[in-house]
Structures are given as C-alpha cells and as structure tokens.
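Here's the letter readout for the chains.
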Amino acid sequence: MTAPLHTVTTMPTERQPGCPFDPPKELIEAREQSPISRFPFPDGHQGWLVTGYDLTRSILADPRFSSRKELMRHHPTIDYGDIEVPPAPPGEFLLMDDPQHSRYRKPLVGKFTVRRMRLLTERVEQVTAEHLDAMEKAGPTADLVTAFAKPIPAIIICELLGVPYEDRGRFQENIDKFLGGEAGDEELIAAYIATQQYLAELVAAKRANPTDDVLSDLTDSDLTDEELQGMALILLSAGFDTTANMLALGTFALLQNPEQLAALRADPGLAEQAVEELLRYLSVAKQFYRIALEDVELGGHTITAGTTVILSLNTANRDPERFPNPHTLDLHRQDGGHLAFSHGIHQCLGQQLARVEMRVAFPALLNRFPTLRLAVPADEVALRPEAADIYGIKSLPVTWDA
Ligand code: HEM
C-alpha cells in the first residue's frame, strides 16, 4: 500500500528565534506529518527527506543505500547542473561503501576501542584542568569556545594521531571553513589545497620518522601516502570540530536549563547519562545523505534506484514515538539508542573518544566555576548557520564570580 505523500519544498535555512537547540520548525512539522517526505532538489531531482527515528535507523543499516558522493550528485540548496561529482579521494572513507570503506576503517577500529579510550581519561583530565586553570587566571570572563571547547579535543586528537599541536594554524581554520557553513567556493578550494599540502608533509614526516601514534602505525601497512592523507583528513576534521561544538553548545544548553545543570553539578555520577542526552538533544552532526542502489520499499513508499535521501538525524532524535517529550532536555532520561553518532557501517569511529572527553570536561567545568553564566543575553550568542555541516557555536561569552 502506498502511504499518503507529504512534500517539503525547500530545506529550512534558519532555526526558530529563541530555539537554538531545536531542529528548524519546518523539519519538526514535516515529521509530525509523516516520517518520510518527498523532497524536490533544486536541480529537479525528486528525492526524499527522512525525519522519523525508525526509518532513519533502518536506512542507515541498509546496504541498499550508498554513501558514495559521486552517485549522489544532488545538493539540497545548490543546482550543480551538468557538473560531474568526482568520487571521494582515496582514504576519505566516510563517503565510501564496503568493501572500499572497510579497507580504511578496519585498521583504525582497534585504535579507538572503549578500553583504549578509557586509558586516555587521565590525559583528558589533565588537559581539561590546564585549560580551566588558564581560564580562571585570565577571568572572570572568557570565550568558552576558544578557551575550552576547541582546544581540549584538538590537543587530544593531535596527540593520538601524532600531529604536532603547534601546526594547528595550518589546518584548524581550514577545517572550520569546511564544516562551518559560511565559506564561499573559492575559499573552500583554497582551504582544501592548503590542508592537503599540510597532510602530505605530515605523512612524509611520519614515514621518515615514525613515532608512537596512530598515523605512524598506519605507515606500517600497504596504504599509500594519498590514502593516509585522506584518512588523516577525516580523522582530524571529525576529531577537531564535532566534540568542540558539543562542548560549547552543551554548556549553552545547560546554562539555559538551570535545574538540569544543578543536577549534573550535584551528581558527577550522572555524567555518562547526561552526555548521551546532550548528544541526542543537540545532534550537532545533524544531517547525512544516502542514495538508493536499487528499488527499496520503505514506510509505504518505493524509493527507486538512484534516488537521493536526506537523513535528518537531529529531527529523528526528536521523534516522540521513540523519545517521550523529545524537546525536553532531561539528563535523567533512560531511553538510550540516539542516532547522534549515526548507525550502521559508518557509525562514528571516534564516539568513545568523544564520550570520554565530554564526561570529563562538562563536570570539571561546572565544578570549577559554580557561578558560571552567560556574559551576553542568550539571543546574542553567535551560532553557526543552519547550512553548517556541523551545527554549533562560534563564540560563547561566559563569566563567573571571581
Ligand atoms: C560528539 C562528537 C561527535 C559526533 C556527534 C560525531 C558524529 C558522527 C556521525 C553522525 C558519523 C556518521 C556519518 C554517516 O553515517 O554518514 C560519524 C562518523 C565518523 N566519525 Fe564522528 N562524531 C563525533 C566525534 C568524533 C571524533 C572525536 C572522531 C575522531 C576520531 C570521529 C571520527 C569519525 C570518523 C572517522 C567517522 C567515519 C566513520 C565511517 O565512515 O566508517 N568522530 N561521526
């Protein structure tokens, strides 16, 4: 049976004023109508937009849907016309299917296990304490993004991969451009070329002088320099930007929900659960794409081969059929199973690292500054635009009683 057809005509470009943590209202309304809607892309391609939890999860786990960007040549806001989209460069496995994808993911899995990441806890605590010391010394005001949210995950991923932290000036701003949603085409191309140049030098340095780190370990394999560069790009950009935005946006969300903040401050044992709820509630990696490789029957519709599907992870994580009172931040929530790290073969490789960082950093921040508060009105906090691949905050001015 064919289900009634609901259509979303354009992707929303903004969130509701005063609701910086909620998906745009057009997406929430679309999900209320139907977990799957028709979505006409600007180039005329008739695609789909999936906003329901169950459908999103099943598509993510279904090998009949591909992540290959050269097949998926449709963009929700841009008409590419006749331009051919090239396949992902070697090593950029986020945009590949198995078996190519697993050629790159497999050698990394053992390096990001729960056990390995737990061993990093002490180092994360140390780096966090150093940044809180520096904030306290320079205070009683700070931009939480530059003083805390960005440097902690950046230092840890640099140490893990074996990237000198002093080199960050050569790629950090460029990664911001890739994921921040504000750079123009020329700027993006220049940023990509500069980052590739840096990564080529880095890989050559690791081959010449291997040290005790993930990238050096990978040089002892049949992976080519080009492949290692691609893998390093995915790891660095994911490792730099996602957790940083979770820490900043998460702190903003807690400051806007004082009872929740008080509960976490009072009970450090709540940190694990609190982090899962913040991941669900904020879903900073908000939207991904898949293309049907064959005709698939789903939700009462036929998704025909060659059709692009937009998966709105942040809207799926607000599905009331899966999460009661989904728009409430409830750190005691027991539901579990959010899709903030995706699902299926591309499920986030760095999730255990991100968890360790957040479980350490949120309680440490709240306990160091018992009177932490925003230094500007909430509606003046500079957020990333809705077009950003990773949602988040550009700066978060905070203050406290010295
Ligand atoms: C809170 C922080 C993070 C969030 C919300 C997040 C989210 C995600 C999501 C949603 C995907 C899957 C995309 C898809 O299905 O197409 C993904 C993949 C990935 N993430 Fe993360 N991530 C985070 C932190 C990290 C960190 C710290 C690393 C560092 C190593 C990392 C490395 C990766 C990699 C390598 C992939 C590609 C996996 C694959 O294609 O097999 N992520 N992440």
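Everything numeric in this text was worked out from a predicted model, so none of it was measured.

Trainee: Give a detailed account of the overall build of the protein chain, specifying residues and quantitative values.
Mentor: A count of helical and extended segments in the protein chain gives 15 helices and 12 strands. Since a compact globule built from 402 residues should have a radius of gyration of about 21 Å, the 21 Å found for the protein chain is in line with a globular shape. Counting only C-alpha atoms and orienting by the principal axes, one finds that the protein chain spans roughly 65 × 55 × 40 Å. Across the 402 residues of the protein chain, 52% fall into the buried class. Once local pairs closer than 6 in sequence are excluded, the contacts in the protein chain between residues at least 24 apart make up 72%. About 17700 Å² of surface is accessible on the protein chain, with carbon and sulfur atoms providing 52% of the total. Averaging the positions of the 37 positive and the 58 negative side-chain charges in the protein chain gives two centres separated by 3 Å.

Trainee: So, the pattern of salt bridges: which residues are in play, and what are the values?
Mentor: With the rule as written, the count across this model stands at 22 salt bridges. Between Arg123 and Glu159 there is a salt bridge, and its shortest N-O distance comes to 2.6 Å. Placement of the pair is Arg123 in helix α5 (residues 121-138) and Glu159 in helix α7 (residues 151-161), with a sequence separation of 36 residues. Owing to a relative accessible area of 27%, Arg123 belongs among the partly exposed residues under this scheme. We note a salt bridge from Lys206 to Asp213, for which the minimum N-O separation is 3.1 Å. We classify Asp213 as buried; its relative accessible area is 6%. By sharing partners, the salt bridges in this structure join Glu272, Glu276, Arg355 and Arg359 into a single network.

Trainee: An account of the pairing of strand β1 (residues 36-40) is requested, with residue identities and associated values reported.
Mentor: Across the 5 residues that make up β1, a large majority, 4, are buried. Sheet topology places β1 next to strand β2 (residues 46-50); 5 bridges connect them, and they run antiparallel. Among the inter-strand pairings, Ile36 is bridged to a residue of β2, identified as Val50.

Trainee: A description of the coordination of the iron atom of the ligand should follow, citing residues and the corresponding values.
Mentor: What the protein offers the iron atom of the ligand as a donor is a single atom, Cys348 (SG), at 2.3 Å. By the secondary structure assignment, Cys348 is in the loop between α14 (313-316) and α15 (351-368).

Scoring rules and cut-offs
One numbering rule holds for all chains: residues counted from 1, following each sequence as written. This being a predicted model, a pLDDT of at least 70 is required before a residue's local features are given, and a value of 80 or more before pairs of side-chain atoms are given or counted; all residues contribute to the totals for chains, interfaces and linings. The side-chain numbers reported here are obtained from all heavy atoms of the structure, hydrogens and water having been left aside. Per the convention used, a helix needs a DSSP run of H or I reaching at least four residues, while a strand needs a run of E reaching at least two, with both numbered from the N terminus. Computation of the radius of gyration draws on C-alpha atoms alone. For the globule rule, the value is 2.2 Å times the number of residues to the power 0.38. Note on classification: 1.4 Å probe, protein chains only; a residue is buried when its accessible area is under 20% of the maximum for its type, exposed when over 50%, partly exposed between these limits. In what follows, residue pairs with any heavy atoms lying within 4.5 Å of each other are defined as contacts. The Shrake-Rupley method, run with a 1.4 Å probe sphere, supplies the accessible areas, and residue values consider only the shown protein chains as cover. His is not counted here, nor are the chain ends, while Lys and Arg score as positive and Asp and Glu score as negative. A charged residue contributes its charge at one atom only: NZ of Lys, CZ of Arg, CG of Asp or CD of Glu. Put simply, a salt bridge is a Lys or Arg side-chain nitrogen that is within 4 Å of an Asp or Glu carboxyl oxygen. Two strands are counted as paired when DSSP detects at least two bridges linking them. Each metal site lists N, O and S donors within 2.8 Å (3.2 Å for Na, K and Ca). With water left out of the atoms, a site can look as if it is missing ligands.

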